[in-house]
Amino acid sequence: MSTARWTDATDRDAVPAAIVMRRLGTVTRTAQGLAVVRCDEGSDAPDIGTTAVDDSLSDVGRVVDVFGPVSRPYLAVSPADHVRLPDLLGTTLYAR
């Protein structure tokens, strides 16, 4: 597997969208065994089933629901087996 390298913004723009990480938002609370993520302002909500990762690219879970206002929705993320929900509070998650 090759590693993408670039020297300026123009090269970075040429990276295929399939490998670009997208910020989902921040885990604001936990409820009923799920992490509740507040999406960033103006960002599109991900599809149900999208894999959520943390800043170290570790698999955190999957998006199981999108709810709330369209302008800034919330996501319900079902955690992966090895993830402790309290450890996710305040964590920024990304879509893989």
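Peer 1: I keep staring at the pattern of salt bridges and nothing clicks. Help me out?
Peer 2: Two side chains of opposite charge can pair, provided their charged atoms sit close to one another. Applying the stated criterion across every chain yields a total of two salt bridges. Linking R23 and D40 is a salt bridge whose minimum nitrogen-to-oxygen distance equals 2.5 Å. With a gap of 17 residues between them, R23 in strand 1 (residues 22–31) and D40 in the loop between strand 2 (34–39) and strand 3 (51–53) connect regions that are remote in the sequence.

Peer 1: Teacher, can you tell me more about the nonpolar core here?
Peer 2: Among soluble globular proteins, nonpolar side chains are generally buried collectively. Core analysis: the biggest nonpolar cluster contains 16 residues, and L75, V77, L88 and L93 have the highest contact counts within it. For this core, the leading source of residues is strand 2, giving three residues. Excluding anything up to four places from it in sequence, V77 contacts L34, A35, V37, A52, G61, R62 and V63.

Peer 1: Whenever I open this one, the packing of aromatic side chains confuses me. Can you help?
Peer 2: Per the counting criterion, the structure on display carries one aromatic pair. On the numbers, 5.6 Å between centres and 15 degrees between planes, the contact of F67 with Y74 is stacked.

Peer 1: Please explain the pairing of strand 2 as it appears in this structure.
Peer 2: Across a regular strand the side chains alternate sides, sitting on one face of the sheet and then on the other. Note that strand 1 and strand 2 share six bridges and pair antiparallel. Bridging across to strand 2, A31 finds its partner in L34. In this antiparallel pair of consecutive strands, strand 1 and strand 2, the connection spans two residues, and Q32 shows a positive phi of 50 degrees. The sheet contact formed by strand 2 and strand 5 (residues 74–79) spans four bridges and is antiparallel. Pairing of V36 across the sheet is with A76, part of strand 5.

Peer 1: Could you clarify how one ought to interpret the sheet that holds strand 4 (residues 59–67) in this entry?
Peer 2: Backbone hydrogen bonds hold the strands of a sheet together, and the pairing may be parallel or antiparallel. Ordered by their spatial adjacency, six strands build a closed barrel running 1-2-5-4-3-6, and the pairing between neighbours is antiparallel. Taking the axes of each pair of neighbouring strands and ignoring which way they run, one obtains an average angle of 45 degrees across the sheet.

Peer 1: Is there a simple way to explain the environment of A52 in this structure?
Peer 2: For A52, the position within the fold is in strand 3. Owing to a relative accessible area of 0%, A52 belongs among the buried residues under this scheme. With 43 residues separating them along the chain, A52 and A95 place their C-alpha atoms 4.9 Å apart.

What counts and how
Residues numbered from 1 in each chain as written. Predicted model: local features only at pLDDT ≥ 70, side-chain atom pairs only at ≥ 80, totals over all residues. Heavy atoms only, no water. Salt bridge = Lys/Arg side-chain N within 4 Å of Asp/Glu carboxyl O. Helix = DSSP H or I, 4+ residues; strand = E, 2+ residues; numbered from the N terminus. Core = buried A, V, L, I, M, F, W, Y, C linked by side-chain atoms within 4.5 Å. Buried < 20%, exposed > 50% of the residue type's maximum accessible area, 1.4 Å probe, protein only. Contact = heavy atoms within 4.5 Å. Phe/Tyr/Trp six-rings, centres within 6.5 Å; stacked < 30°, edge-to-face > 60°. Pairing = 2+ DSSP bridges. Axes fitted to C-alpha atoms, helices over the stretch in contact; angles between N-to-C directions.

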